[in-house]
Amino acid sequence: MAKKTEKKLAAWDIVQIARHAERPNITDYIRLLCDDFVELHGDRLFGDDRGLIGGFATIGGRRVVLIGHRKGRGVDENIEANFGMASPEGYRKAMRLMRLAEKYGLPVVSFVDTPGAYPGSEAEARGQAEAIAHNLEFMATLKTPIVVVVTGEGGSGGALGIAVGDRILMLQNAVYSVISPEGCASILWRDGSKAPQAADALKITAESLKGLGIIDAIVPEPAGGAHADPAATAAAVKKAVLACLEALCAVPLKSLVAQRYDKFCAMGCR
Amino acid sequence: MSWFEKPAEAPARVPTDAIWAVCPSCKAYVAKEAWRAADKVCPRCNHHERLNCRERVALLTDAGSFKELNAEVSFNDPLSFSDSSGAYADKAKATVAKTGEGESILTGTATVEKIAVVLGVMDFKFLGGSLGSGTGERIRLAAEKAIALKRPLIIVSASGGARMHEGIVSLMQMAKTCAAIARVKEAGLPYLSILTDPTTGGVSASYAMVGDLNIAEPKALIGFAGRRVIEQTIKQKLPDDFQTAEYTLAHGFVDHIVPRKELKAFLANVLRYAGY
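What counts and how
Residues numbered from 1 in each chain as written. Chains lettered and ligands numbered in written order. Predicted model: local features only at pLDDT ≥ 70, side-chain atom pairs only at ≥ 80, totals over all residues. Heavy atoms only, no water. Axes fitted to C-alpha atoms, helices over the stretch in contact; angles between N-to-C directions. Helix = DSSP H or I, 4+ residues; strand = E, 2+ residues; numbered from the N terminus. Parallel < 35°, antiparallel > 145°, perpendicular 65-115°, else oblique. Contact = heavy atoms within 4.5 Å. Nonpolar A, V, L, I, M, F, W, Y, C, P; charged D, E, K, R; others polar. Salt bridge = Lys/Arg side-chain N within 4 Å of Asp/Glu carboxyl O. Buried < 20%, exposed > 50% of the residue type's maximum accessible area, 1.4 Å probe, protein only. Buried area = accessible area lost by both parts, 1.4 Å probe. Polar contact = N/O pair within 3.5 Å; in protein donor to acceptor, adjacent residues only side chain to side chain. Domains from an automatic or database assignment. Arc of directions from axis to C-beta.

We now examine the packing of helix α4 (residues 133-149) of chain B against helix α5 (residues 167-186) of chain B. All names here are of chain B. At a closest axis distance of 9 Å, the pairing of α4 and α5 adopts a crossing angle of 5 degrees. As the angle between them shows, α4 and α5 are arranged roughly parallel. Where α4 abuts α5, its residues Ser133, Gly136, Glu137, Ile139, Arg140, Ala143 and Ile147 lie against Val169, Gln173, Lys176, Thr177, Ala180, Arg183 and Val184. Among the residues making up the contact of α4 with α5, the classes are represented as six nonpolar, four polar and four charged.

The structure is reproduced here in structure tokens:
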């Protein structure tokens, strides 16, 4: 009933749901959909980013390498996780874990939920651009299946840095964009308060992105949004991820990588 | 007030831009002829003024060797985007008419001191050199051409980043171009990236940063996030040299800073080390 009476939400409303403080984060998903999780720390170069985590995980009996942005719950956790804004160390850790996945023959599952890569002076000094760029190049040729799930905010290059994959899933009320609606509004409208218009124009909702051929499937959320029923949301995510893994693990690695190349090359061509 | 007390003022006859170029950095007046002869590098402060893509091609390649590829690949408007100043499609069309270019990168085959290469040169005058879907497609085709011809690939970047007007589709060009570059490398071919002023945002975070060699022009702005965004984030003023080519080199992300006059010879020299 609730679903029937819900009217179609504007893009800006969906942005609010995607950023909701109670929206399930990676910690929730690990708890709700993994039978086992062994966190692996550090990029072996500088440090351990708490805004992007990863490790070995078992989902529905299937062993994978799981990586994802980490937003916290509450102020302290969010400060530790830098509100899900990863640093170069985070992207380099992700690459290290994906390399392990390739070596051990495990598929990669990547959970995307970030306002963007951290725009700080130390991140610049340690090569934020280089870290993301190398992940893009590396993920394009990784010889193991990659399933990406955009669970909340897909914030630009910071999201894409772990979002090159064979299947891109998106939760119904997640958003994925080249720039935040606020940022776009302040540049192109010269007025940050025009963010709702920018959100609409940028076509950042799951429905729009499915129409543009950027994502493969939409994972439905419970009425009211994922935070209304995290367990049901996690169950839907688990089901969708397992279906993708099942299909992708049957594809020979050489064709898998070739198909991944074709998939991204087709984006933006008339 | 007698004449020797008069404050120094602008010359009585203002130099016309037919004769003089004004350095945008130190404001020195430089005779246009000298400015051109120096490839738009200021003789006083060594400021490297931005070149358009045709000027850059002339600088780097052997005369008459450049043959443009995929000129028919132009901008797309996948979102039917409009903002407060109008439709993106109209703006892009006006830019094509004004610049004579179909996209923010010009690609083609050429020789550099007789070494056959595939070359891509971005043009900041085309919508801020932004990475759109036409740009990404031209880069992919250039990379595949380099593989087919077994030639090195050189890309000269000059860009503010991804093109907002094409939304998520422009973001995906970062993945697409990096995938194509990865194939060039897998084929064992050199990929040289030249970072000129400016190389930021989605372009620095994709093909511009993954060269076998990353080569920069002096003082070029190179970085990921914008200075203002960072200052707002850390609530501190950043030093003047932040995100310059020199800063990027000092932090280990650029191999060499090469003055414009020496760039062509530098490219040929390193390509010879790569066996060409």
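Further remarks concern the pattern of salt bridges. As enumerated under the stated definition, the model contains 38 salt bridges over all chains in all. We note a salt bridge from Arg163 of chain B to Glu103 of chain B, for which the minimum N-O separation is 2.9 Å. Separated by 60 residues along the polypeptide, Arg163 of chain B in the loop between β8 (153-159) and α5 and Glu103 of chain B in the loop between α3 (88-99) and β6 (105-112) bring together distant segments of the chain. Each member of the pair, Arg163 of chain B as well as Glu103 of chain B, is classed as buried. With a shortest N-O distance of 3.4 Å, Arg163 of chain B and Glu166 of chain B are connected by a salt bridge. The exposure class of Arg163 of chain B is buried, given its relative accessible area of 1%. Residue classification places Glu166 of chain B among the buried residues on the basis of a relative accessible area of 0%. Here the salt bridges do not stand alone but share partners, grouping Glu39, Asp48, Arg50, Arg70, Glu80 and Lys93 of chain A into one network.

What follows concerns the interface of chain A and chain B. The interface of chain A with chain B comprises 47 residues on the first partner and 52 residues on the second. Around 4000 Å² of area is buried between chain A and chain B when both sides are counted, 71% of it from carbon and sulfur atoms. At the surface where chain A touches chain B, the tally comes to one salt bridge. Lys185 of chain B serves as the salt-bridge partner of Glu137 of chain A, at 2.7 Å between the closest nitrogen and oxygen. Linking chain A to chain B there are 11 residue pairs in polar contact (both at pLDDT 80 or more). Looking at the side of chain A that touches chain B, the elements that each hand over two or more residues are α6 (121-125), α7 (128-141), α8 (156-160), β7 (175-177), α9 (181-189) and α13 (253-265) of chain A.

Residue and element names in this part refer to chain B. The domain architecture assigned to chain B consists of domain 1 (12-49) and domain 2 (50-273). Just the C-alpha atoms count here: the centres of domain 1 and domain 2 sit 26 Å apart. Contacts between domain 1 and domain 2 engage 10 residues on the former and 10 residues on the latter. Of the roughly 840 Å² buried between domain 1 and domain 2 on both sides combined, carbon and sulfur atoms contribute 42%. Contact with domain 2 buries surface across domain 1, with Asp39, His48 and Glu49 losing the most and accounting together for 61% of the total. Joining domain 1 to domain 2, the criterion identifies two salt bridges. For the salt bridge of Asp39 with Lys261, the shortest nitrogen-to-oxygen distance reads 2.9 Å. Counting across the domain 1 and domain 2 interface gives eight residue pairs in polar contact (both at pLDDT 80 or more).

Here we come to helix α2 (residues 11-18) of chain A. All names here are of chain A. Taken together, the buried positions of α2 are occupied by Ala11, Ile14, Val15, Ile17 and Ala18. Around the axis of α2, the buried residues are gathered within 160 degrees of arc, so they sit on the same side. Those residues of α2 that are buried lie in contact with β5 (146-155), β7, α9 and α10 (195-201).

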